[in-house]
Amino acid sequence: MTTFDDILEEVGEFGRCQKRIFALLCMVSMPWAGVYVGIVFQGFTPDHWCRDPAVAELRQGCGWSLADTRRLTVPLVNSSGVLVHSTCEQYDLDWNATGLTCDRQDVDLSKAPMTSCRDGWDYDYEGRQSFVTEFDLVCADSWLVDMYQATLNVGFLVGSIAIGYLADRFGRKMSFLMSNLLNGITGILVAVAPNYVTLLVFRTLYGFGVKGGWVAGYVLITEIVGVEYRRTVGVLYQMFFSVGILLLPLLAYYISDWRWLQVVITVPYLVFLSYYWFIPESPRWLLSQNNSAKAVEITEAMAKENKKILSKNIESLKDDNADSNTASFMDLIRTPKMRKHTLILSFNWFTSAVVYQGLIMRLGILGGNVYIDFLISGLVEFPAAFLILFTIERIGRRLPFAAANIVAGASCFITAFIPDSMFWFKTVVACIGRLGITMAFEMVVFVNTELYPTFVRNLGVSVCSTLCDVGGIVAPFLLYRLAVIWLELPLIIFGSLAFLAGGLVLLLPETRGVPLPDTIDDIEFPERAKETAALKKQQLANLLATSNVSTNKDPAAV
């Protein structure tokens, strides 16, 4: 009996066919960046203050700028010992009785009564529009901004489980395509939502398909390349997310309306529907479903595109786990090592999401140039991919994974206590933290795929990554609400989570150079799995030698 890993050595572990499929699927990561962290621009909260119709008349009549209007008519309040212009209160008085005119501006209003905003807000965001400015989500309603990201992650949570299950039951390709169809429809609905409640409903449905489709694509490409290339395709697949991170501030700068930005982010998902004609189903999954005939057909097509000749051994292509093809959640926790893997990986998904999203969304509340800050932070992510590629084959998966979390945690702690006067030093340390958590986030994905057998792999990744979605739900509330108390308080929480995650990673087994497991026994008894793999490799070598002798006499290769 010949396994798919055996045949891959003949097909080519990363030939022309796999490279073409890989290049196509990498494109999926770019728009996901806009979906995942687009809130920084779509939900940007600019400087704002209470709108007063009487003040608006004065401003128009006197030709005052927004800055002049704010200086003259907005009350000062104490914020952490510093006097700042109020964003949620206005003077409760008759401006015609104050004596304030175009020529006389030295009016003392320090004892004037104040009240909450009654006529909406003015925003220092001329020529641009976020959903915050459109729906006035400030002051008492500012917590509703958190819901924009939270509802997306609720969609991620439900969708990743549902689509993960469907991908294991009905195939990687079909789940990927259906996800993209859903993404295209719901993404456009988000862009045309007439009110904020409707927007949140469509946003939840949008999240339902986005993440599940991305994971299905990741699992598909991982399953059709050889073990020596899994690490490379896994890291580069995620690195294109960083490409999307770099493109996002450029798009947001030139597209001033959040609705049109949403349309631009969504259009690629409709384009991805054309992949129906360009990517195959995973032969490894087909084998797990006892569909050997279709698996052989696709494998032969891959070999033809790679310009390789297959031996007759493909006729005996089977899956060791074909009789246990129904995936269930209990498979993830029934046995001791599977249970340990599931718990540790789930916590690392949670931590990666909280810290990664928290550090990115924090850029929107620091008060600098959000476009430049976002671009710089995005550039930091690229060294993460190359560090992973450099270390995981030389050192392994476990130590770089743990170190990335610990470095991120230490950087968060240090950044919290660096004074603002040391701006550049604080920025560098924060970037190191972003680098560390990016490495951890990218590593948890492919380490997760390497620690589950084929028949439950997609479900395993999806279930563990639900904690990522829980982290995404928590992150905006954790950041925005705690930052009101102390701007750096969220960093203390981020650092604590990252330290704990790094320590837990050290309890996982090393997967460097280990073939993808096919059965739960491969996880529970790894030494036995290594012996079996070595025996199969020797048997294949013997069969190939016999086949070569036969081929010299009769070129009847498949």
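A brief report on the enclosed structure follows. All figures in this text were calculated on a predicted structure; none of them were measured in a lab. Residue positions within a chain follow its written sequence, with the count starting from 1. Given that the model is predicted, a residue must reach a pLDDT of at least 70 before its local features are reported, and side-chain atom pairs must reach 80 or more before they are shown or counted; all residues, however, enter totals for whole chains, interfaces and linings. The basis for every side-chain value is the complete set of non-hydrogen atoms in the structure, without hydrogens or water.

Side note on the overall build of the chain
Heads up, the condition is: In this description a helix means any DSSP run of H or I spanning at least four residues, a strand means any run of E spanning at least two, and both kinds are numbered starting from the N terminus. Each residue's exposure class comes from its accessible area (1.4 Å probe, protein chains only) as a fraction of the maximum for that residue type: buried when under 20%, exposed when over 50%, partly exposed otherwise. Two residues qualify as a contact provided that any one of their heavy atoms is within 4.5 Å of a heavy atom in the partner residue. Per-residue accessibility takes into account occlusion by the displayed protein chains alone, with areas from the Shrake-Rupley method and a 1.4 Å probe.
Looking only at helices and strands, the chain features 24 helices and 6 strands. Projected onto its principal axes, the C-alpha positions of the chain cover 105 × 45 × 35 Å. Put simply, the chain has 558 residues, and 55% of those count as buried. Long-range pairs, those at least 24 residues apart, make up 83% of the contacts in the chain between residues at least 6 apart in sequence. When the accessible surface of the chain is summed, it comes to about 23,600 Å², and 63% of that surface belongs to carbon and sulfur atoms.

A word on the nonpolar core
Side chains of a nonpolar character, in soluble globular proteins, are inclined to be buried together. What counts, and what does not: Take the buried Ala, Val, Leu, Ile, Met, Phe, Trp, Tyr and Cys residues and link them wherever side-chain atoms come within 4.5 Å; each set so joined is a nonpolar core.
In terms of nonpolar packing, the biggest core is built from 146 residues, with Leu-25, Tyr-36, Phe-41, Phe-131 and Phe-374 touching the most fellow members. When sequence neighbours within four positions are dropped, the list of residues in contact with Leu-25 reads Phe-176, Gly-217, Leu-220, Ile-221, Tyr-237, Tyr-275 and Ile-279. Counting residues in hydrophobic clusters, the runner-up holds 10 residues, among them Val-55, Trp-64, Trp-95 and Leu-100.

With respect to the packing of aromatic side chains
Applicable threshold: Pairs were defined over the aromatic rings of Phe, Tyr and Trp, the Trp ring being its six-membered one, requiring ring centres within 6.5 Å. Orientation was assigned from the angle between planes: stacked under 30 degrees, edge-to-face over 60, tilted for the rest. Here, a charge over a ring is recorded when the distance from Lys NZ or Arg CZ to the ring centre is within 6 Å and its angle to the ring normal is within 35 degrees.
Taken as a whole, this structure holds 31 aromatic pairs when the rule is applied. Ring-pair connections join several aromatic residues into one group, and the members of that group are Trp-32, Tyr-36, Phe-156, Trp-214, Tyr-218, Tyr-237, Phe-241, Trp-349, Tyr-356 and Phe-441. Geometry around Phe-170 places Arg-169 over its ring, the cationic atom sitting 5.9 Å from the centre. Geometry around Trp-349 places Lys-211 over its ring, the cationic atom sitting 5.2 Å from the centre.

What to know about empty space enclosed by the protein
As a reminder, the rule being used: Cavities and pockets were defined on a 1 Å grid built over protein atoms only: a cavity is a set of grid points that admits a 1.4 Å probe from which the probe cannot escape, a pocket is an open set flanked by protein on both sides within 12 Å along at least five of seven lines, and lining residues are those with an atom within 4 Å of any such point. Grid points are joined across faces, edges and corners, and a volume is the space filled by probe spheres set on the points. Three categories are distinguished: nonpolar for Ala, Val, Leu, Ile, Met, Phe, Trp, Tyr, Cys and Pro, charged for Asp, Glu, Lys and Arg, and polar for the others, with Gly belonging to the last.
Enumeration according to the criterion identifies 5 cavities of 30 Å³ or more in this entry. The computed volume of the largest cavity comes to approximately 180 Å³. Along its surface, the largest cavity is lined by 14 residues, and Trp-32, Gln-238, Phe-241, Phe-441 and Glu-442 are the ones closest to its centre. Only α3 (29–37), α11 (227–254), α15 (336–362) and α19 (423–450) provide two or more residues apiece to the lining of the largest cavity. With 4 residues, the single largest contributor to the lining of the largest cavity is α19. Partitioned by chemical class, the residues of the lining of the largest cavity number 9 nonpolar, 3 polar and 2 charged.

A closer look at the side chain of Ser-130
Applied cut-off: Counted as a polar contact is a pair of N or O atoms within 3.5 Å, where, for protein atoms, one must be capable of donating a hydrogen and the other of accepting one, and residues adjacent in sequence contribute only when both atoms are in side chains.
Position of Ser-130 relative to the elements: it lies in the loop between β6 (121–123) and α7 (131–135). According to the relative accessible area criterion, Ser-130 is buried, its value standing at 0%. Engagement of the side chain of Ser-130 in a polar contact is seen with the backbone oxygen of Phe-44, the distance being 2.8 Å. Setting aside chain neighbours within four positions, we find Ser-130 in contact with Phe-41, Gln-42, Gly-43, Phe-44, Tyr-125 and Trp-258.

Quick look at the environment of Ile-224
Here Ile-224 is to be found in the loop between α10 (196–223) and α11. C-alpha of Ile-224 to C-alpha of Ser-282: the two residues are 58 residues apart in sequence and 6.6 Å apart in space. Dropping the residues within four chain positions of it, Ile-224 is found in contact with Phe-4, Leu-8, Glu-13, Gln-18, Ile-21, Ser-282, Pro-283 and Met-302.

Remarks on the state of the cysteines
Formally: By definition, disulfides here are pairs of cysteine sulfur atoms that lie within 2.5 Å.
Taken as a whole and assessed by the stated rule, the structure comprises 2 disulfides. Each sulfur in the disulfide pair Cys-50 and Cys-117 lies 1.8 Å from the other. Its torsion about the S-S bond being -65°, the disulfide of Cys-50 and Cys-117 is classed as left-handed. With Cys-50 in strand β1 (residues 48–50) and Cys-117 in the loop between β5 (114–116) and β6, the pair connects residues that are 67 residues apart, well separated along the chain. Taking the relative accessible area as the measure of exposure, Cys-50 reaches 8% and is therefore buried. The disulfide bridge from Cys-88 ends at Cys-139, spanning 2.0 Å between sulfur atoms. The disulfide joining Cys-88 to Cys-139 has a torsion of about -100° about its S-S bond and is therefore left-handed. Within this pair, whereas Cys-88 is found in the loop between β3 (82–85) and β4 (89–91), its partner Cys-139 is found in the loop between α7 and α8 (143–170), the two being separated by 51 residues in sequence. Between Cys-464, a cysteine without a disulfide, and Cys-468, which holds the nearest cysteine sulfur, the sulfur-to-sulfur distance is 11 Å. Cys-464 gets classed as buried once you look at its relative accessible area, which sits at 0%.

Here's the deal with the layout of surface pockets
To find leftover empty space, one rolls a probe the size of a water molecule over the atoms. By volume, the largest pocket is sized at about 1,500 Å³. Lining the largest pocket are 43 residues, with Thr-45, Asp-47, His-48, Thr-87 and Ile-365 positioned closest to its centre. Residue assignment for the lining of the largest pocket shows that the elements contributing at least two residues are α4 (39–42), β2 (76–79), β3, α8, α16 (370–379) and α21 (466–485). Looking at the lining of the largest pocket element by element, the count peaks at 5 residues for α21. Classifying every residue of the lining of the largest pocket gives 24 nonpolar, 14 polar and 5 charged.

Describing the pattern of salt bridges
Heads up, the condition is: The salt bridge definition used is simple: a Lys or Arg side-chain nitrogen within 4 Å of an Asp or Glu carboxyl oxygen.
Per the counting criterion, the structure on display carries 16 salt bridges. Between Asp-68 and Arg-71 there is a salt bridge, and its shortest N-O distance comes to 3.4 Å. A residue pair is termed a helical-turn pair when its members lie 3 or 4 positions apart in one helix, as Asp-68 and Arg-71 do in helix α6 (residues 66–73) at 3 residues. In this structure Asp-68 comes out as partly exposed when scored by relative accessible area, which is 28%. Take Arg-71: its relative accessible area is 47%, and that puts it in the partly exposed class. Here Arg-172 ties to Glu-223 by a salt bridge, and the two come within 2.6 Å at their closest N and O atoms. Here Glu-223 lies in helix α10 and Arg-172 lies in helix α9 (residues 172–191), a separation of 51 residues in the sequence. Given the relative accessible area of 0%, Glu-223 is considered buried. By sharing partners, the salt bridges in this structure join Asp-168, Arg-172 and Glu-223 into a single network.

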